[in-house]
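Survey of secondary and tertiary structure
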Amino acid sequence: EVEDGVEVVRLGRPELLALRMWRYYRRWGDSYDLVYAEAFGGARVPFCAPMYVKQPLLAAWYQVNTPVFRHQYGRAAGTVLSGLEKLVAKMHRRATLVTVSEARRTDLIAFGFRPDQVEVVPPFALDAPLDGNPVAHREPVIVWLGKVRRYKCVHHVVQAMPGVVAQCPSARLVIAGRRDDEAYEKELREQVKSLGLSTSVTFSLYLTEGAKEALLRSASVITLPSPIEGFGIVLL
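None of the values given here were measured: they were computed from a predicted structure.

Scoring rules and cut-offs
- By convention here, each chain's residues receive numbers from 1 onward along its written sequence.
- Local features in a predicted model are, by the rule used here, given only for residues with pLDDT of at least 70; side-chain atom pairs are given and counted only at 80 or more, and totals for whole chains, interfaces and linings are based on all residues.
- Hydrogens and waters are ignored; side-chain quantities use all the structure's heavy atoms.
- We define the nonpolar core as a collection of buried residues of types Ala, Val, Leu, Ile, Met, Phe, Trp, Tyr and Cys that are connected through side-chain atoms lying within 4.5 Å of one another.
- Each residue is assigned to one of three classes by its accessible area relative to the maximum for its type, calculated with a 1.4 Å probe on protein chains only: buried under 20%, partly exposed between the two thresholds, exposed over 50%.
- Each helix corresponds to a stretch of at least 4 residues labelled H or I by DSSP, and each strand to a stretch of at least 2 residues labelled E; elements are numbered beginning at the N terminus.
- Residues are treated as being in contact if the distance between any of their heavy atoms lies within 4.5 Å.
- A helix is expected to span 1.5 Å multiplied by its residue count minus one.
- Fitting one axis to the seven residues ending at a residue and another to the seven starting there, the bend at that residue is the angle between the two axes.
- Pairing between two strands is assigned when DSSP locates at least 2 bridges connecting them.
- Place the viewer so that the strands point away; then a crossover is right-handed whenever the path from the first strand over the helix to the second strand goes clockwise.
- Two aromatic rings, drawn from Phe, Tyr or Trp (for Trp, its six-membered ring), form a pair once their centres lie within 6.5 Å of each other, and the interplanar angle then sorts them: stacked below 30 degrees, edge-to-face above 60, tilted otherwise.
- Placement of a charge over a ring requires the Lys NZ or Arg CZ to be within 6 Å of the ring centre, with the centre-to-atom vector within 35 degrees of the ring normal.
- Helix axes are fitted only over the stretch in contact, all axes being lines through C-alpha atoms; the angle between N-to-C directions runs from 0 to 180 degrees.

So, about the nonpolar core. One finds V53, L57, W61, L97, L108 and F113 to be the most contacted residues of the largest nonpolar core, which totals 23 residues. For this core, the secondary-structure elements that each account for two or more residues are α1 (14-28), β3 (35-38), β4 (57-60) and α3 (75-91). Broken down by element, this core gets its largest block of residues, three residues, from α1. Beyond its immediate chain neighbours, meaning those up to four positions away, L97 contacts A59, W61, H92, F113, Q117, V118 and E119. Residues W144, M161, Y184 and L197 belong to the second largest nonpolar core, which totals 17 residues.

An ideal rise of 1.5 Å per residue puts 20 Å on 14 residues; helix α5 (residues 154-167) measures up with 21 Å between its terminal C-alpha atoms. In the structure, α5 departs most strongly from a straight axis at M161, where the bend amounts to approximately 35° and where the proline P162 lies between one and four residues downstream. Of the positions making up α5, those classed as buried are V154, V157, V158, M161 and V165.

This part is about the pairing of strand β8 (residues 172-179). Note that strand β7 (residues 141-148) and β8 share eight bridges and pair parallel. Bridge pairing in β8 places V143 opposite V174. Read from β7 through α5 to β8, the crossover connection turns out right-handed. In terms of strand pairing, β8 meets strand β9 (residues 201-205) through five bridges, oriented parallel. Each residue of the ladder has a partner; that of V174, found in β9, is T202.

Mapped onto the secondary structure, P227 falls in the segment after β10 (221-223). Its relative accessible area of 37% is what places P227 among the partly exposed residues. Separated by 146 residues in the primary sequence, P227 and L81 have C-alpha atoms spaced 17 Å apart. Ignoring anything within four residues of it in the chain, the contact list for P227 reads P67, H71, Y151 and C153.

Moving on: the packing of aromatic side chains. Using the criterion set out here, one finds seven aromatic pairs in the structure. With a centroid separation of 5.3 Å and an interplanar angle of 65°, the aromatic rings of W61 and F113 are classed as edge-to-face. Placement of the pair is W61 in the loop between β4 and α2 (66-73) and F113 in the loop between α4 (102-110) and β6 (118-120), with a sequence separation of 52 residues. Each ring, one from F111 and one from F113, has its centre 6.5 Å from the other, and the planes form 45°; the classification is tilted. Following the ring pairs from residue to residue traces out a cluster consisting of F40, W61, F69, Y73, F111 and F113. The ring of F203 has R189 sitting right over it, with the charged end atom 4.1 Å from the ring centre.

What follows concerns the environment of R75. With respect to the helices, strands and loops of the structure, R75 is situated in helix α3. Residue class for R75 comes out exposed when judged on its relative accessible area of 62%. In this structure, the C-alpha to C-alpha distance between R75 and R26, residues 49 residues apart in sequence, is 37 Å.

Moving on: the sheet that holds β10. One open sheet holds the four strands; their spatial order is β9-β8-β7-β10, and the pairing between them is parallel. Strand pairing shows two members of the sheet lacking a second neighbour, β9 and β10, which therefore form its edges. The average undirected angle you get between the axes of adjacent strands in this sheet is 25°. Running at roughly 155° to β9, helix α6 (residues 182-194) makes contact with β7, β8 and β9 of the sheet.

Here's what the structure looks like:
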């Protein structure tokens, strides 16, 4: 399809995306002047683009993922994946990296990339600030917003809610965003039930942009318990 004059080719689910990207490049790669690809993401097989791309390569690298792997997969699997990340980093030693903040650029340089190799391109800007009621006039609603994944540590917020409700009985936590890790989401729902929070914690997934803005306008608190974020767009 074409969106805003840009041709979009959807190659399938994340599990096979790296392989299908390679096959697509083999067929059509000579028609391009530049390739922009995610270098390493926490949830999919790396594209390994430097192994076959001939053109100049811009590689998106959002953060060094060791804390993500440890929280998402545990210490043993996290150590293995961290080793894989280091191999992918060596593979990209000639690419130009694009990251999302100065803090992440510092991390990538410490990870072994050259300072002149890493550029910062912030990914997001508000068209206009959200207008709404002053926070003091809102209901005691707490919002967590994002992809529901283990390393985002939503369970820390749920674990804190009994103490919040003890001091403010009308307090309510809304877990909003997108379903990503169904097993973890099931654990969260069981945690809510076991803590007796069924009336204080709700799940609102796949909200429209309008519903999301309305939720943020009504909330008193937004919480971001992740151990690391590439940029933290949700805070903006």
